[in-house]
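Notes for the structure review
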Amino acid sequence: LKCFHSPEVLWTRVVMGKFIKAGRVVVLLQGRQAGKKAVVVKVFDDGSKVRPFPHALCAGIQRAPLKVHKRMSKKKVAKRTRVKPFLKYVNYNHFMPTRYQVPTELAVQTFATDQQMDTPDGRIEAKRFVKKVLQEKFAAPPADKSGRPSKDVLYLRKKLRF
């Protein structure tokens with residue numbers, strides 16, 4: 001809370017904290033991926049030269065894994081647990097942050113770099129890496145403090161029903 005004194009007016013200005021950080025789970029609201037969940041990889045609060053508005057690099061799930069049962073064959077389980085990822089720069093106005101934050105052991109900052117996002121081959125390489133990491137973590141979610149599977153990863157895995 002900052003106070004500014006002037007002879008005529010006494011007013012205060014509240015400075016908001018930054019809550020959109022790397023690892024925050026968001027729901028995209030606009031575009032082709034609207035309604036899909038994503039994880040913030042890198043934030044650009046002040047924008048960049050190419051995109052002069054606040055935005056974030058997000059890694060999301062275009063096609064979520066399906067439910068599996070004990071009776072299913074290994075081949076069917078492998079097919080149903082596949083994930084189709086996407087990487088995208090998203091304006092802050094076009095996503096909604098959730099209360100969920102993925103565990104730090106996922107190391108979301110390593111998902112993609114700006115250099116990879118500049119070239120089509122780099123994007124493909126980054127998507128493959130995201131796919132591999134997400135499929136591993138969805139198969140065996142990391143444990144939270146109490147030893148149960150992380151609710152944040154379980155939330156990210158589920159398709160948003162609306």
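See the structure shown above.
Structure report, in brief.

Calculation rules
- Residues numbered from 1 in each chain as written.
- Predicted model: local features only at pLDDT ≥ 70, side-chain atom pairs only at ≥ 80, totals over all residues.
- Heavy atoms only, no water.
- Core = buried A, V, L, I, M, F, W, Y, C linked by side-chain atoms within 4.5 Å.
- Buried < 20%, exposed > 50% of the residue type's maximum accessible area, 1.4 Å probe, protein only.
- Helix = DSSP H or I, 4+ residues; strand = E, 2+ residues; numbered from the N terminus.
- Contact = heavy atoms within 4.5 Å.
- Salt bridge = Lys/Arg side-chain N within 4 Å of Asp/Glu carboxyl O.
- Pairing = 2+ DSSP bridges.
- Axes fitted to C-alpha atoms, helices over the stretch in contact; angles between N-to-C directions.
- Patch = residues over 30% accessible without salt bridge, like charges linked within 9 Å, V, L, I, M, F, W, Y side chains within 5 Å.
- Areas by Shrake-Rupley, 256 points an atom, 1.4 Å probe, with all protein chains shown as cover.
- Lys, Arg positive; Asp, Glu negative; His and termini not counted.
- Charge placed at Lys NZ, Arg CZ, Asp CG, Glu CD.
- Expected span 1.5 Å × (residues − 1).
- Arc of directions from axis to C-beta.

Turning next to the nonpolar core. Counting 26 residues, the largest nonpolar core has Leu57, Leu87, Val102, Phe111, Phe138 and Leu156 as its most contacted members. Of all the elements in the fold, those that place two or more residues in this core are strand S3 (24-28), strand S4 (37-44), strand S5 (55-63), strand S6 (84-91), helix H3 (120-139) and helix H4 (151-157). Considering every element that reaches this core, the biggest residue donor is H3, with five residues. Excluding residues that lie within four positions of it along the chain, Leu87 makes contacts with Cys58, Ala59, Ala112, Met117, Arg123, Ala126, Lys127 and Val130. Grouped together as the second largest cluster of nonpolar side chains are eleven residues, Ala56, Cys58, Phe86 and Phe95 included.

Now for the pattern of salt bridges. Enumeration over the complete set of coordinates arrives at one salt bridge. We note a salt bridge from Asp114 to Lys42, for which the minimum N-O separation is 2.9 Å. Within this pair, whereas Asp114 is found in helix H2 (residues 114-118), its partner Lys42 is found in strand S4, the two being separated by 72 residues in sequence.

Pairing is antiparallel across the open sheet formed by five strands, whose spatial order is S6-S5-S4-S3-S7. Pairing within the sheet leaves two strands with one partner each, and these edge strands are S6 and strand S7 (95-101). Looking at each pair of strands side by side, their axes are set apart by 35 degrees on average, direction ignored. Across six bridges, S4 lies against S5 in antiparallel orientation. By the bridge assignment, Val40 is partnered in S5 with Cys58. Where H3 meets the sheet, its contacts fall on S5 and S6, and the angle it forms with S6 comes to roughly 115 degrees.

With that settled, consider a positive patch on the surface. On the surface, Arg32, Arg63, Lys75, Lys79, Arg82, Lys84, Lys127 and Lys131 cluster together into a positively charged patch. Where the positive patch is concerned, the elements lending two or more residues are helix H1 (74-80) and H3. Accessibility expressed as a relative area gives 74% for Lys75, which makes it exposed.

Burial analysis of S5 places seven of its nine residues in the buried class, the great majority of the element. Here S5 runs beside S6; their pairing, made up of eight bridges, is antiparallel. Paired with Leu57 across the strands is Tyr89, a residue of S6.

With 20 residues, H3 extends 29 Å from end C-alpha to end C-alpha; this agrees with the ideal 28 Å at 1.5 Å per step. Residues of H3 that are buried include every one of Gly122, Ala126, Val130, Val133, Leu134 and Phe138, and no others. Buried residues along H3 cover an arc of 125 degrees about the axis, so they all sit on one side. Exposed side chains of H3 directed beyond 90 degrees from the buried face belong to Pro120, Asp121, Arg128 and Ala139.

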